[in-house]
Amino acid sequence: MPQVVYFNGEYVPVEKAFINVYDHGILYGDGIFEGIRCYDGNIFRLKQHLRRLWDSAQYMGIPIPISMEEMEVAHAETLRRCGLRDSYIRTVLSRGVGDLGIDPRKCSKPTLYIIAGKIAMFPESDYENGIAAITASSRRVGNDTFNPRVKTLNYVNNIMAKMEATNAGVRDALMLNSMGYIVECTAANFFALREGVLTTPACHVGALRGITRDAVIEIARGMGLTVKEDFLTQYDAYVAEETFITGTGAEIMPITKIDNRVIGKGSCGATTRAIREKFKALVKVDGYKI
Ligand code: PMP
């Protein structure tokens, strides 16, 4: 089936979906996005993703040209037209086409598009063995510069951190804030388990409020674990019994080596595995059916 993209209210073949060179999303990173996933025809927690998109747009002062209901339909319709039931979806809203100055008032109409792509799955062995990470020197943007809860088109700090990880021969990187507290990984939230307490960096430390993060917090509490949103340092990560990251792409991925230290027993821990099993069941039922 041909790939179709929702582009400013129309469904167009991907070959005909072009961004104008004057779009401020490209010129200045002036825009926001969502990464969403569809599991066997169920768009997992679409409402929560759209809520976050609306919140990011509110922060940035970018008007969203369609209603939330229309947005839901546009997502489902894009998937249907692509013939995809399992997909990674990218929703982008930019300030729109303006002139070469930064003044957003020159952008009269935001650009909105939805791409439904094929999902690139991580090999099952990664979920069994876990992946290695380093701590990056590139810091996550902080509340004092640009609010990190907004999912903007500016990922350069994270990209630099990812490059550090690649150069070090590992898969991902922990990113710290300017105070040295762990915030998250390059495109996923971070969790550490120790003595029955599961801790993840609080949003005010600089973490994005991940949709997967929220689901994991609910699942873990349902399993009787104590879950804290708190400050975490590299020390907490090194001495944890289990660590893992969460994200729409990675789902729940164990981190079994950090800065060359083996975490716990060096493979996926029992708690991480149990949370992942529950998550796998949730993604099929909780969401918007296409
Ligand atoms: N943090 C960052 C910086 C991210 O880019 C992502 C991916 N969207 C996440 C965390 C995880 O969020 P989610 O579970 O909503 O995918």
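See the structure shown above.
These remarks concern the structure in this document. (Residues numbered from 1 in each chain as written. Predicted model: local features only at pLDDT ≥ 70, side-chain atom pairs only at ≥ 80, totals over all residues. Heavy atoms only, no water.)

## Considerations on the overall build of the chain
Note the cut-off: Put simply, DSSP marks the helices as runs of H or I at least four residues long and the strands as runs of E at least two long, and each gets a number from the N terminus on. A radius of gyration in this sense is built from C-alpha atoms; the matching globule rule multiplies 2.2 Å by the number of residues raised to 0.38. Three exposure classes are used, based on accessible area relative to the maximum for each residue type with a 1.4 Å probe and protein chains only: buried under 20%, partly exposed in between, and exposed over 50%. Note on contacts: a residue pair is in contact if any heavy atoms of the two residues lie within 4.5 Å. Computed with the Shrake-Rupley method and a 1.4 Å probe, the accessible areas treat only the protein chains shown as cover for residues. Positive residues here are Lys and Arg, negative ones are Asp and Glu, while His and the chain termini are left out of the count. Taken as the charge centre is NZ of Lys, CZ of Arg, CG of Asp or CD of Glu, depending on the residue.
Each helix and strand in the chain was counted, giving 8 helices and 16 strands. Against the globule reference of 19 Å for 290 residues, the chain gives a C-alpha radius of gyration of 19 Å, in line with a compact fold. Each of the 290 residues in the chain was classed as buried or not, and the buried ones make up 52%. The contacts of the chain with a sequence gap of at least 6 include a subset with a gap of at least 24, amounting to 71%. Summing over all exposed atoms, the chain offers an accessible surface of approximately 13,500 Å²; the carbon and sulfur share of this is 55%. Both charge centroids of the chain, one from 35 positive and one from 33 negative side chains, sit 1 Å from each other.

## Regarding a nonpolar patch on the surface
Under the convention used in this document: Patches here: salt-bridge-free residues with over 30% relative accessible area, like charges joined within 9 Å, nonpolar side chains (Val, Leu, Ile, Met, Phe, Trp, Tyr) joined within 5 Å. Put simply, a salt bridge is a Lys or Arg side-chain nitrogen that is within 4 Å of an Asp or Glu carboxyl oxygen.
On the surface, a nonpolar cluster with roughly 840 Å² of combined accessible area is contributed by I19, V21, Y22, I26, L27, Y28, V97, L100 and I102. Locating L27 in the fold gives a position in helix α1 (residues 24-28). Looking at L27, the relative accessible area reads 32%, which means it is partly exposed.

## What about the packing of aromatic side chains?
Our working definition: Note on ring pairs: Phe, Tyr and Trp rings are taken, using the six-membered ring of Trp, and paired if centres are within 6.5 Å. Classes follow the plane angle, with under 30 degrees stacked, over 60 edge-to-face and the rest tilted. The rule for a charge over a ring is simple: NZ of Lys or CZ of Arg within 6 Å of the ring centre, and within 35 degrees of the ring normal.
Counted according to the given criterion, the structure contains 9 aromatic pairs. Look at Y6 and Y11: their rings are 5.5 Å apart centre to centre, the planes differ by 70 degrees, and that puts the pair in the edge-to-face class. Pairwise contacts between aromatic rings join Y39, F44 and F279 into one cluster. Here the guanidinium or amino end of R261 rests over the ring plane of Y238, the centre of that ring lying 4.1 Å away. Between the NZ or CZ atom of R276 and the centre of the ring of Y127, over which it lies, the distance is 3.9 Å.

## A short note on the site of the ligand
Short version of the rule: Note on definitions. A residue lies near a molecule or strand when any single heavy atom of the residue is within 4 Å of it. As used in this structure description, the phrase polar contact means that two N or O atoms lie within 3.5 Å; if the pair is within protein, one of them must be able to donate a hydrogen and the other to accept it, and residues adjacent in sequence are counted only when both atoms belong to side chains. Lining residues are defined by having an atom within 4 Å of a point belonging to a cavity or pocket. Those points lie on a 1 Å grid over the protein atoms alone, cavities being sets where a 1.4 Å probe fits but cannot get out and pockets being open sets with protein on both sides within 12 Å along at least five of seven lines. In this description, a molecule resides in a pocket or cavity if more than half of its atoms sit within 2 Å of the grid points defining it. Under the scheme applied, nonpolar residues are Ala, Val, Leu, Ile, Met, Phe, Trp, Tyr, Cys and Pro; charged residues are Asp, Glu, Lys and Arg; polar residues are all the others, including Gly.
Close contacts around the ligand come from 17 residues, with K151, Y155, E184, T212 and T248 the closest. Between the ligand and E184, the relevant distance is 2.7 Å, taken from a nitrogen atom to a side-chain nitrogen or oxygen of the residue. At 2.6 Å, a side-chain N or O of T248 approaches an oxygen atom of the ligand. Burial of the ligand by the protein amounts to 96% of the accessible area it has alone, namely 390 Å². Spatially, the ligand is embedded in the largest pocket. Secondary structure elements with two or more residues in the shell around the ligand: α6 (211-222) and β13 (242-247). Classifying every residue of the shell around the ligand by side-chain character gives 5 nonpolar, 8 polar and 4 charged.

## Let's talk about the pattern of salt bridges
Applying the stated rule across the entire model yields 20 salt bridges. Between K47 and E72 there is a salt bridge whose closest N-O contact spans 2.6 Å. Within this pair, whereas K47 is found in helix α2 (residues 46-60), its partner E72 is found in helix α3 (residues 68-82), the two being separated by 25 residues in sequence. Taking the relative accessible area as the measure of exposure, E72 reaches 7% and is therefore buried. For the salt bridge of E277 with K280, the shortest nitrogen-to-oxygen distance reads 3.6 Å. On the criterion of helical spacing, the pair formed by E277 and K280 is a turn pair, its members being 3 residues apart in helix α8 (residues 270-285). One network of salt bridges, with partners in common, ties together R45, E218 and D286.

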